[in-house]
Amino acid sequence: MVGSLTTMRCRTPQCKLAGWLIVLPLAAMLSACRGSDADSADSSNVESTPTIEGTQVMADPTEFAIRLDKKAFEPGTFTFVARERGKAPHAVAIEGLGVETASTGILDPGEADAAITVDLVPGIYTLWCPVGSHRSVGMELRITVS
C-alpha cells in the first residue's frame with residue numbers, strides 16, 4: 001500500500017543485535033558531524049588546553065566587559081587566555097591588521113581556560129565577545145600595537 005507504514009517487531013536476539021549494530025554507528029556519525037553553535041568565528045587556532053606561545057595575556061570576560069592584564073603591546077606573538085569570570089557564557093575573539101577573526105570557543109561559567117594565539121604587527125586590533133549581543137552591550141575593546 002502506498003503511503004502506509006508497517007511496523008515490524010524484533011523478537012529474536014539476532015534481530016535486536018542487528019538493530020543495535022545499525023543504530024550505534026549512525027549515532028556515532030551524527031555526533032562526529034555535529035557543528036559548533038558558536039557565532040561561527042574561526043576557531044582554527046584555539047587551544048583546548050592552553051599552550052602559551054610568545055607573550056601571555058589574560059583576557060577575563062565578565063558581564064559585560066573584557067579585562068586584559070596587559071595595557072601596552074609591541075609587535076610579536078601573543079596568546080590571549082580567556083578565563084571565564086562571569087555568570088553567563090562568554091568567548092573572546094580578535095581581529096585586526098593581518099588577523100582574520102580568531103576566537104576561543106564559548107566558555108560556560110567555571111569551564112577550563114581557552115586560548116587563541118596570534119601574531120600582532122603595528123596597528124589597531126579589536127577584541128570582543130562573539131556570544132549573542134554581548135559585543136553591542138559593551139564587551140568590546142581596542143588595543144594598539146606600536
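Residues numbered from 1 in each chain as written. Predicted model: local features only at pLDDT ≥ 70, side-chain atom pairs only at ≥ 80, totals over all residues. Heavy atoms only, no water.

Undergrad: I'd like a rundown of the pattern of salt bridges, residues and numbers included.
TA: For the structure on display, the rule yields two salt bridges. Of the charged contacts, one joins Asp-113 and Arg-83 as a salt bridge, the two residues approaching to 2.6 Å between their closest N and O atoms. Placement of Asp-113 in the loop between β6 (99–103) and β7 (114–120) and of Arg-83 in the loop between β4 (76–82) and β5 (93–96) is noted, with a sequence separation of 30 residues between them. Across the pair Glu-140 and Arg-135 runs a salt bridge, and its minimum N-O distance is 2.6 Å. Residue class for Glu-140 comes out partly exposed when judged on its relative accessible area of 33%. (Salt bridge = Lys/Arg side-chain N within 4 Å of Asp/Glu carboxyl O. Helix = DSSP H or I, 4+ residues; strand = E, 2+ residues; numbered from the N terminus. Buried < 20%, exposed > 50% of the residue type's maximum accessible area, 1.4 Å probe, protein only.)

Undergrad: Describe the nonpolar core, and please don't skip the residues or the numbers.
TA: Counting residues in hydrophobic clusters, the biggest one holds 26 residues, and the most contacted among them are Leu-68, Phe-73, Phe-80, Ile-94, Leu-120, Leu-127 and Ile-143. Elements supplying a minimum of two residues to this core: β2 (55–62), β3 (65–68), β4, β6, β7, β8 (123–128) and β9 (140–145). No other element matches the four residues that β7 contributes to this core. When sequence neighbours within four positions are dropped, the list of residues in contact with Ile-94 reads Phe-80, Val-99, Glu-100, Thr-101, Ala-102, Ile-116, Val-118, Leu-120, Tyr-125, Thr-126, Leu-127 and Trp-128. (Core = buried A, V, L, I, M, F, W, Y, C linked by side-chain atoms within 4.5 Å. Contact = heavy atoms within 4.5 Å.)

Undergrad: Give a detailed account of the side chain of His-90, specifying residues and quantitative values.
TA: With respect to the helices and strands, the residue His-90 is situated in the loop between β4 and β5. Residue His-90 is classed as buried on the basis of its relative accessible area of 0%. Among all residues touching His-90, those that are not within four sequence positions of it are Pro-61, Thr-62, Glu-63, Phe-64, Glu-84, Gly-105, Ile-106, Leu-107, Cys-129, Val-131, His-134 and Met-139.

Undergrad: Explain unusual backbone geometry to me, and be specific about the residues and the numbers.
TA: Of the consecutive residues Glu-63 and Phe-64, the connecting peptide bond is found in the cis state with omega at -20 degrees. Tracing the sequence through the fold places Phe-64 in the loop between β2 and β3.

Undergrad: Account for the side chain of Thr-126, with residues named and values stated.
TA: Positionally, Thr-126 belongs in strand β8. Relative accessible area serves as the criterion here: at 9%, Thr-126 is assigned to the buried category. For Thr-126, the residues in contact, after removing those within four places along its chain, are Ala-93, Ile-94, Glu-95, Arg-135, Glu-140, Leu-141 and Arg-142.

Undergrad: Break down the packing of aromatic side chains for me, with residues and values.
TA: A full pass over the atoms with the stated rule returns three aromatic pairs. Members of the aromatic cluster, each reached through a chain of ring pairs, are Phe-73, Phe-78 and Phe-80. The ring centre of Phe-73 lies 5.8 Å from the NZ or CZ of Lys-70, which sits over that ring. Its end group placed over the ring of Trp-128, Arg-135 keeps NZ or CZ at 4.1 Å from the ring centre. (Phe/Tyr/Trp six-rings, centres within 6.5 Å; stacked < 30°, edge-to-face > 60°. Lys NZ or Arg CZ within 6 Å of the ring centre and 35° of its normal.)

Function-wise, these values are silent; they only describe arrangement.
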